[in-house]
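# Architecture and fold: a report
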Amino acid sequence: MPATALPPAPASLLDAHGQPRHGRYQGCIARHDWQTLPMTRWQGLLRPLRHKRWAIPGAGA
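Rules of the game
- Residues numbered from 1 in each chain as written.
- Predicted model: local features only at pLDDT ≥ 70, side-chain atom pairs only at ≥ 80, totals over all residues.
- Heavy atoms only, no water.
- Helix = DSSP H or I, 4+ residues; strand = E, 2+ residues; numbered from the N terminus.
- Buried < 20%, exposed > 50% of the residue type's maximum accessible area, 1.4 Å probe, protein only.
- Contact = heavy atoms within 4.5 Å.
- Areas by Shrake-Rupley, 256 points an atom, 1.4 Å probe, with all protein chains shown as cover.
- 1 Å grid on protein atoms, 1.4 Å probe; cavity = no way out; pocket = protein on both sides within 12 Å on 5 of 7 lines; lining within 4 Å.
- Points joined across faces, edges and corners; volume = space filled by probe spheres on them.
- Nonpolar A, V, L, I, M, F, W, Y, C, P; charged D, E, K, R; others polar.

## Brief notes about the overall build of the chain
For the chain, the helix and strand inventory stands at one helix and zero strands. Relative to its full complement of 61 residues, the chain shows a buried share of 10%. Of the contacts formed within the chain by residues at least 6 apart in sequence, a portion of 0% connects residues at least 24 apart. Here the chain has roughly 6000 Å² of accessible surface; of this, 59% comes from carbon and sulfur atoms.

## Some points on empty space enclosed by the protein
All chains considered together, the criterion is met by one cavity of 30 Å³ or more. Around the largest cavity sit Ser12, Leu13, Leu14, Arg31, Asp33 and Thr36, which together line it. Broken down by class, the residue content of the lining of the largest cavity amounts to two nonpolar, two polar and two charged.

## Some remarks on the side chain of Ser12
Topologically, Ser12 is positioned in the segment before α1 (41-50). We classify Ser12 as buried; its relative accessible area is 9%. Other than its neighbours up to four places away in sequence, Ser12 contacts Arg21, Ile29 and Arg31.

## Describing the environment of Pro38
You can see Pro38 is positioned in the segment before α1. Here Pro38 falls in the exposed class, since its relative accessible area comes to 56%. For the pair Pro38 and Gly18, spaced 20 residues apart in sequence, the C-alpha separation works out to 7.0 Å. Those residues within four positions of Pro38 in sequence are excluded, and the remaining contacts are Gly18, Gln19 and Gln43.

Right, here's the structure in full:
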């Protein structure tokens, strides 16, 4: 499928109802934010526990 046949990329990843937009688009999406997706109660409670934190240990010489 030629690139000229694709519709332009939407302004955001989510539609007006908070659902992700699916499909193929031409161009870049201006705003990439998954934080506005609706979450279940358990997902909201467990999110702080699943947040990845990286610790880099220092090595002394």
